[in-house]
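Geometric and topological summary
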Amino acid sequence: MTAQYLDLLRRVRETGVRRGDRTGTGTLSVFGAQMRFDLREGFPLLTTKHVPFRWVAEELFWFISGSTHEPDLRSKGVDIWAEWSTVEQCSRFGRCEGDLGPIYGWLWRNFGGDYDIPTQGVDQLSRVLKQIQITPASRRIILTGWNPCSSDQVALPPCHTLTQFYVHDGKLSAHLYQRSADMLLGVPFNIASYALLTHLLAHVTGLEVGDFVHSFGDAHIYLNHLKQVNEQLSREPTELPWLIVNTDGINGSALHVLEQTRYENLELQGYRPQAKIPAPVAV
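These lines cover the structure that appears in this document, whether it is placed above or below. Quick caveat: nothing in here was measured; it's all calculated off a predicted structure. (Residues numbered from 1 in each chain as written. Predicted model: local features only at pLDDT ≥ 70, side-chain atom pairs only at ≥ 80, totals over all residues. Heavy atoms only, no water.)

Considering all chains together, one arrives at eleven aromatic pairs under this definition. Taking 4.7 Å as the distance between ring centres and 40° as the angle between the ring planes, the aromatic pair formed by F63 and Y104 counts as tilted. You can see F63 sitting in helix α2 (residues 53–65) and its partner Y104 sitting in helix α5 (residues 104–110), a full 41 residues away along the chain. Assigned by exposure class, F63 and Y104 land together as buried. Put simply, the rings of W62, F63, W81, W84, Y104, W108 and Y194 pair up and form one aromatic cluster. (Phe/Tyr/Trp six-rings, centres within 6.5 Å; stacked < 30°, edge-to-face > 60°. Helix = DSSP H or I, 4+ residues; strand = E, 2+ residues; numbered from the N terminus. Buried < 20%, exposed > 50% of the residue type's maximum accessible area, 1.4 Å probe, protein only.)

What follows is about unusual backbone geometry. In this chain, I117 is followed by P118 through a cis amide linkage whose omega measures -15°. Examined against the element boundaries, P118 turns out to sit in the loop between α5 and α6 (124–134). The phi angle at D169 is positive, at roughly 55°, despite the residue not being glycine. Looking at the element boundaries, D169 is found in the loop between β4 (160–168) and β5 (171–182).

Summarising burial for β5: nine of the twelve residues are buried, a large majority. Sheet topology places β4 next to β5; eight bridges connect them, and they run antiparallel. Residue pairing for β5: F165 is matched across the bridge by A174. The turn joining β4 and β5, which pair antiparallel and follow one another in sequence, is formed by two residues; a positive phi near 55° is taken by D169. Two elements, β5 and strand β6 (residues 208–222), share ten bridges in a ladder whose sense is parallel. Bridging from a neighbouring strand, K171 pairs with E208 of β6. (Pairing = 2+ DSSP bridges.)

The following block contains the structure:
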C-alpha cells in the first residue's frame, strides 16, 4: 500500500507540469490520479516516514464533533490548523482568532446552515450512518465537504471534498475525491484519516472494512519539497500496521457511539515507521 503512494509521488515528481499556485511557492502538478487500498490487508499508514497517528485521529474526532474552533483541536496537542486560525487570517472574514468558519466540522454536521446566525443545516454524518444501516445499496451515501456558497468564506476551503460510501457483502468501502493534494505533507495524512473514518463507520454499523479508493484532482509537489520527496522515494516500505477499534462500554445509536469514541478506543499494532521528514507548510 505504501508502494502505491510512492509510485504516485514518483509520477508527480517525474511527469508533473510546473504551475504557479495560491501560496506563490510553485508546484509540479499532475491532474487526475487514483489509488486503491484494501483495508483488510492492513491500515494504510505510511511506513517510509513517521505519520503521527494520534494527530490523524484527533483531527478526525474534531471534524466529527462539528467544531470549527481551532483551540478545541489545539487542546489535544495538535496544531496543524494553527496557520489558518491567526488573527490575520480570521479577521479577513470578520471572525475572531481561532474561528475557522464553515470548514469540515460545520459542513459534515450542519451543511447548508447559516454559520453566522447560526441555524441548523443537514447533519450529513447522521444521514450517512442511517443510509448505511437502512438503505445499504443506495448510490447516494455521500458526505460532501464542498459548498460553493461558503467556499470563499474561509482561509482554507476543504481539499478533500466528497466521499461516497459503498456497502457490499457485509463490508463498507469508501471513495474520496480530493480537489487539491499536497503529495508530501498532506496526502499521507489524508489517506490515514479517511481509512480511519471508514473503519469507524464500519465498526459502529456492524460491518467489516472493504476498500478505500482515493482520487485526485490536482496532485502536486511544492518546489521547496523536492529534497524531502527525493529522501522519501529513497526509502523501502515495511509492513503495514493493524488497527483495532474497541468501543466496549459505549452504548446507544451508531451516531452516539461514533461521537463518544476517542483516541483511547483505538489501538495501532505493529507500526514501525522510518524517521520523520520535516518540510515547510505552504500557507
